[in-house]
Amino acid sequence: MDVDTRLLRYFAAVAELGSLSRAAERLFVSQPALTKQVRRLEEQLGSPLFLRSRNGMALTEAGRALAARVPSVLAGWDEVVRETRVAAGRAARVLRVGFIASAANEATQEIIAEFGRRRPGWRVDMRQAAWSNPTAGLADGEVDVALLRLPVPEQEALRVAVLFSEPRWIALAAGHPLAGREVIDFRELLDEPFVAAPAETGRWRDYWLAAEERQGHPVRVGAVTDQPDDWLTAIANGYGIALGPESNARFYARPGVVYRPVSGVSPSEVGVAWTPAADEDPVVREFIQCCLDSVRGTPPRSPR
C-alpha cells in the first residue's frame, strides 16, 4: 500500500493537537480540506483513526498505534529527502542558502563573493523565506545553510554561529504622535497595537513583540503579516507599529513609514545556522567560515 506522506503529516498534526481547527491553522489548509484528507487516510488504512466529538478528536486504538510510529517514519523520510537534495546540489555545484529579510545586511555580498573565490565553479542559490518560516527552510531540509535573525523556533536543534548584533528600532506610521521623537522608550509603546508575525512562529514572533521586556504586559496585535511589503503597508496604514533591526531603515525605507531608535529592548542578533548533519560537510563549513571572516574582517584564506 502506498500512502502519501502529506496524509501522515496531516494525521500527525491532528493527533498532536486533538483539534481539526487548530491543526488546519498550523498546516495552512481549510478545515474541510483537512477533514477530507484525514478520511482519505482512514479509507486507505481501512480503519477509523479518530473518535469525533464536541470535545475534539480522540485517537482510536488504531490511531494510537499509528501515532506512535508516524514521527519516526516522517523523520526518516525527511532525512532521505535532505540527503537527496544535498547530493543533487553537490552534483550541480550549488549551495542552497536560506535567509530572512536582509540576510546578513551589507556583508551578504562579500560573503557570497568570498565563497566564490574559495570554491571556484560553485554557485550560491539564495532563497528568501517568509516570516512564517523563521529557519528559512533549514529545519525542513530545503536549504543547506541559512542566515537567520535569532532566536528561531527549535534553535537548540541547530548549530548557530552569531555573526553580529544590531539595535532593535521601532517602525511607525509617519503621522504617529511619537514619530518625531529622536529616541522612544519601549515602555511608552506597551499599549500600542503591534504588527506581528504569524502565531505559529512561536518564540520568533514573541521576540519581535518584545514579550520578555513586557514582563507580562499583554500584547495588542493590530495586524498579522508574513512578508516585508505587507508589514510595511500595515504600518503605513496605521494598523500597528513594529520592532525591527536598525538596518530596516536602510533596506526597507518607504514613504509613510519612519524608523526610530527605541530604548529598553535587547539588540537583534544575526547568525549563520546549519544542521548537525552538515557538521562534516566541507562546502557548508567553507560557507560558514566565509561568513565569520567577512563580518570579522579576517584576511581571506586560499581556496582548498
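Quick note: structure is the one above.
Here the structure is a predicted model, which means the values were calculated and not measured.

1. Some details on the environment of Val 162
Along the polypeptide, Val 162 turns up in strand 6 (residues 159–166). Judged by its relative accessible area of 35%, Val 162 is partly exposed. Spatially, the C-alpha atoms of Val 162 and Ala 68 are 37 Å apart, while their sequence positions differ by 94 residues. Residues within four places of Val 162 in sequence aside, it is in contact with Leu 150, Glu 269, Val 270, Gly 271 and Arg 296.

2. Comments concerning the packing of aromatic side chains
How two aromatic rings sit relative to each other is set out by the distance from centre to centre and by the angle between their planes. In the structure shown here, the tally under the stated rule is 7 aromatic pairs. Ring geometry for Trp 131 versus Trp 204: centroids 6.5 Å apart, planes at 45°, classification tilted. Of this pair, Trp 131 sits in the loop between strand 4 (123–129) and strand 5 (145–150) while Trp 204 sits in helix 6 (residues 203–208), placing them 73 residues apart in sequence. Judged by relative accessible area, Trp 131 falls into the buried class, the value being 10%. Given a relative accessible area of 5%, Trp 204 falls into the buried group. By the ring-pair criterion, three or more aromatic residues cluster together here, those being Trp 131, Trp 204, Tyr 207, Trp 208 and Trp 231. Above the plane of the ring of Trp 208 lies Arg 168, whose end atom (NZ or CZ) is 5.9 Å from the centre. The residue whose ring lies beneath Arg 214 is Phe 194, and the NZ or CZ to ring-centre distance is 4.8 Å.

3. Some details on the sheet that holds strand 8 (residues 184–185)
Taken in spatial order, the 4 strands make up an open sheet running 8-12-7-11, and their pairing is mixed. Only two strands of the sheet have a single neighbouring strand rather than two, namely strand 8 and strand 11 (242–245). Taken together, the 4 bridges between strand 7 (residues 168–173) and strand 11 define a ladder with antiparallel strand orientation. Across the sheet, residue Arg 168 finds its bridge partner in strand 11, namely Pro 245.

4. As for the packing of helix 2 (residues 20–27) against helix 3 (residues 31–45)
A pair of packed helices can be characterised by two numbers: the angle between their axes and the separation between those axes. At a closest axis distance of 9 Å, the pairing of helix 2 and helix 3 adopts a crossing angle of 105°. Here helix 2 is positioned roughly perpendicular relative to helix 3, judged by the angle of their axes. Contacts between helix 2 and helix 3 pair Leu 20, Ser 21, Ala 23, Ala 24 and Leu 27 from the former with Gln 31, Leu 34 and Thr 35 from the latter.

5. Here's the deal with the pattern of salt bridges
Inspection of every chain in the model, using the stated rule, returns 18 salt bridges. Between Glu 42 and Arg 52 there is a salt bridge, and its shortest N-O distance comes to 3.1 Å. Of the two residues, Glu 42 is situated in helix 3 and Arg 52 in strand 1 (residues 50–53); the sequence distance between them amounts to 10 residues. Look at Glu 42 and you get buried, because its relative accessible area is 10%. Here Arg 119 ties to Glu 286 by a salt bridge, and the two come within 3.7 Å at their closest N and O atoms. Of this pair, Arg 119 sits in the loop between helix 5 (107–118) and strand 4 while Glu 286 is found in helix 10 (residues 282–296), placing the two residues 167 residues apart along the sequence. No difference in accessibility class separates Arg 119 from Glu 286, as the two residues are buried. The network of salt bridges with shared partners includes Glu 110, Glu 114, Arg 117, Arg 118, Arg 119, Glu 286 and Asp 293.

The rules behind the values
Residues numbered from 1 in each chain as written. Predicted model: local features only at pLDDT ≥ 70, side-chain atom pairs only at ≥ 80, totals over all residues. Heavy atoms only, no water. Helix = DSSP H or I, 4+ residues; strand = E, 2+ residues; numbered from the N terminus. Buried < 20%, exposed > 50% of the residue type's maximum accessible area, 1.4 Å probe, protein only. Contact = heavy atoms within 4.5 Å. Phe/Tyr/Trp six-rings, centres within 6.5 Å; stacked < 30°, edge-to-face > 60°. Lys NZ or Arg CZ within 6 Å of the ring centre and 35° of its normal. Pairing = 2+ DSSP bridges. Axes fitted to C-alpha atoms, helices over the stretch in contact; angles between N-to-C directions. Parallel < 35°, antiparallel > 145°, perpendicular 65-115°, else oblique. Salt bridge = Lys/Arg side-chain N within 4 Å of Asp/Glu carboxyl O.

Take it as geometry only, folks, not as evidence of what the structure does.
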